[in-house]
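Chain and residue survey
Residue-level listing of the chains:
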Amino acid sequence: MNTPQPVHPSALFAVDGLLTDEEREIRQTVRRMCDDELRPHLAGWFDKGRFPARELARRFGSMGLLGMHLKGHGCAGLGAVAYGLACLELEAADSGLRSLVSVQGSLAMYAIWRYGSEEQKREWLPPMAAGERIGCFGLTEPDAGSDPAGMRTRARRDGGDWVLDGTKMWITNGAIADVAVVWARTDDGIRGFLVPATTPGFTAHDVGGKLSLRASVTSELILDGVRLPADAALPDALGLAGPLQCLSEARLGIIFGSLGAALDCLETTIAYALEREIFGRRLASFQLTQEKLADAALELGKGLLLAIHLGRLKESGALSPEQVSAGKLNNVREALTIARTCRTVLGANGITLEYPVMRHMANLESVLTYEGTSEIHTLVVGRALTGLQAFR
Ligand SMILES: Cc1cc2nc3c(=O)[nH]c(=O)nc-3n(C[C@H](O)[C@H](O)[C@H](O)COP(=O)(O)OP(=O)(O)OC[C@H]3O[C@@H](n4cnc5c(N)ncnc54)[C@H](O)[C@@H]3O)c2cc1C
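Residues numbered from 1 in each chain as written. Predicted model: local features only at pLDDT ≥ 70, side-chain atom pairs only at ≥ 80, totals over all residues. Heavy atoms only, no water.

Side note on unusual backbone geometry
What you tend to see is this: most non-glycine residues have negative phi, and most peptide bonds are trans. Even without being glycine, His73 reaches a positive phi, approximately 55 degrees. Of note, Glu371 is a non-glycine position whose phi angle comes to about 55 degrees, a positive value. Mapped onto the fold, Glu371 is located in the loop between helix H10 (357–369) and helix H11 (374–386). By relative accessible area, Glu371 is classed as buried at 10%. (Helix = DSSP H or I, 4+ residues; strand = E, 2+ residues; numbered from the N terminus. Buried < 20%, exposed > 50% of the residue type's maximum accessible area, 1.4 Å probe, protein only.)

Printed below as a string of structure tokens:
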């Protein structure tokens, strides 16, 4: 009997048939760019903890990847699935690069697009879509992460101005941002503010010593008597629903993106196991190895079907927050399991930067925590199933 040709893990569930020609084309274009322009540098950027963020933002902007699911003001206006697939390919390169794109497009730009005035949109969205201006999204504080309602950052009125005081922590793109979307407590409730990085009293510096997302800027923002004009507030956001809606928007990128990291791990591992000889046989020929690869491919395929289904729900306007939580919880958790399992197949080689697997694994630890930890999403799903909230 002839040995059958290996099937690519992406082909196992034939998910390509669920995509439009345009979606497949976008995925291929982003994948080609990642292979040609990013992949050769990724290990070095991660190792040094430095990468050319501004240059990459302009490159991603030139491809229409920044705010690509938003309409108007220089944004591409594509569907949720197309955007998700772009995130998947970016994260197959590195979660840090997908984070750059997600935070720019789905958090900072989305907040302006959804809650900003016409003037704010005109000023910021076109240069942000082009990658000429970078944005960040400041919600988390040193003592308020999973419970953003506990934030201490305050905005008080002073004549016609606003004055902001507080500290934001773990802010992606913070130290390279031209504009920070900062959420602060006011007498009327939580509101969003556009803080240009040049404003006196605003400083941002990198969080050092990270073992995850090293090809990503993560920063602390300090607001010390930052004085802003009245029109710096986002007029249409009042209450915690504003930032929570932005996070819900961004999680679709993670639901797809995390699978990109898992796919890169699995592709690498299958190739490795087919080459590596142990006990006189190829590692891929052992049943225990095949079980690991099969389980990984199943979870990857199921995760992709879920991602596409949720993307289609979003496109039809029917996606609920608990569905987003279910998708984020499942796909990041499974992606991390896949990365850890793949690492075992690579043995000692798996712990080096010569292979992308442990880099993805370390990155996915952050992805499991940011934009709602796995515990918080579990509680959201639990509340949906029981009608009882178990947060407090
Ligand atoms: C690399 C990176 C980039 C980030 N980028 C941004 C950004 O751009 N903007 C931004 O605003 N934030 C950002 N964050 C912050 C991120 O969203 C928070 O880290 C996250 O919300 C968790 O908050 P915390 O770290 O304070 O953990 P905590 O809230 O202190 O949680 C600690 C642990 O307790 C668990 N826990 C919390 N509540 C409960 C409960 N009710 N029941 C059981 N367990 C619970 C959590 O799940 C977690 O396991 C980033 C974080 C990282 C690591």
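Right, picking up where we left off after that structure.
Regarding the packing of aromatic side chains
In this structure the tally under the stated criterion is four aromatic pairs. Across the ring face of Phe46, the terminal group of Arg214 is positioned such that the distance to the ring centre comes to 6.0 Å. Here Arg281 stacks its cationic end above the ring of Phe286, 4.2 Å away from the centre of that ring. (Phe/Tyr/Trp six-rings, centres within 6.5 Å; stacked < 30°, edge-to-face > 60°. Lys NZ or Arg CZ within 6 Å of the ring centre and 35° of its normal.)

Quick word on empty space enclosed by the protein
What the rule picks out here adds up to one cavity of 30 Å³ or more. Reported here for the largest cavity is a volume of approximately 80 Å³. Looking at the lining of the largest cavity, the elements that each hand over two or more residues are helix H7 (241–275) and helix H8 (287–315). Inspection of the lining of the largest cavity shows a minimum of three residues originating in each of domain 1 (9–129) and domain 3 (242–386). (1 Å grid on protein atoms, 1.4 Å probe; cavity = no way out; pocket = protein on both sides within 12 Å on 5 of 7 lines; lining within 4 Å. Points joined across faces, edges and corners; volume = space filled by probe spheres on them. Domains from an automatic or database assignment.)

Looking at the nonpolar core
One finds Leu38, Phe51, Phe60, Leu97 and Trp183 to be the most contacted residues of the largest nonpolar core, which totals 55 residues. If one sorts the elements of this core by residue count, helix H5 (residues 95–115) sits on top with eleven residues. Ignoring any residue separated from it by four or fewer positions in sequence, one finds Phe51 in contact with Trp45, Leu56, Leu97, Leu100, Ala215, Ser216 and Val217. Leu19, Phe256, Ala339 and Val367 belong to the second largest nonpolar core, which has 47 residues in total. (Core = buried A, V, L, I, M, F, W, Y, C linked by side-chain atoms within 4.5 Å. Contact = heavy atoms within 4.5 Å.)

Digging into the environment of Glu371
C-alpha separation for the pair Glu371 and Thr140, spaced 231 residues apart in sequence, amounts to 9.8 Å. Ignoring anything within four residues of it in the chain, the contact list for Glu371 reads Leu107, Leu247, Ala250, Arg251, Ile254, Lys328 and His377.

Observations concerning the pairing of strand E7 (residues 189–196)
Most of E7 is tucked away, with six of its eight residues classed as buried. Looking at chain direction, strand E6 (residues 179–186) and E7 are connected through eight bridges and run antiparallel. Counterpart to Val179 in the pairing with E7 is Pro196. (Pairing = 2+ DSSP bridges.)

A short note on H8
The α-helix advances 3.6 residues per turn, and as a result positions three or four apart in sequence lie on the same side. Taking 1.5 Å per residue as the helical rise, H8 with its 29 residues ought to reach 42 Å, and the 42 Å between its terminal C-alpha atoms agrees with that figure. Taken from the residues just after H8, Gly317 is the one with a positive phi, measuring 75 degrees. (Expected span 1.5 Å × (residues − 1).)

Describing the site of the ligand
Around the ligand, a shell composed of 18 residues is seen, among which Thr140, Ser146, Trp170, Thr373 and Glu375 lie nearest. Measuring from a nitrogen atom of the ligand, one finds a backbone N or O atom of Phe137 at 2.9 Å. Contacts to the ligand include Phe391, whose backbone N or O atom sits 2.9 Å from a nitrogen atom. Coverage of the ligand by the protein amounts to 68% of the 980 Å² it exposes when considered alone. Of all the elements in the fold, those that place two or more residues in the shell around the ligand are strand E5 (161–172), H10 and H11. Each residue belonging to the shell around the ligand can be placed in one class, and the counts come to nine nonpolar, seven polar and two charged. (Near = heavy atom within 4 Å. Polar contact = N/O pair within 3.5 Å; in protein donor to acceptor, adjacent residues only side chain to side chain. Areas by Shrake-Rupley, 256 points an atom, 1.4 Å probe, with all protein chains shown as cover. Nonpolar A, V, L, I, M, F, W, Y, C, P; charged D, E, K, R; others polar.)

Overview of the domain arrangement of the protein
Structurally, the protein comprises domain 1 (9–129), domain 2 (135–239) and domain 3 (242–386). Taking only C-alpha atoms, the centre of domain 2 and the centre of domain 3 are 30 Å apart. Contacts between the two partners involve ten residues from domain 2 and, on the opposite side, eleven residues from domain 3. At the boundary of domain 2 with domain 3, the tally comes to zero salt bridges. Taken together, the links from domain 2 to domain 3 amount to four residue pairs in polar contact (both at pLDDT 80 or more). The residue makeup of the side of domain 2 that touches domain 3, split by class, is six nonpolar, three polar and one charged. (Salt bridge = Lys/Arg side-chain N within 4 Å of Asp/Glu carboxyl O.)

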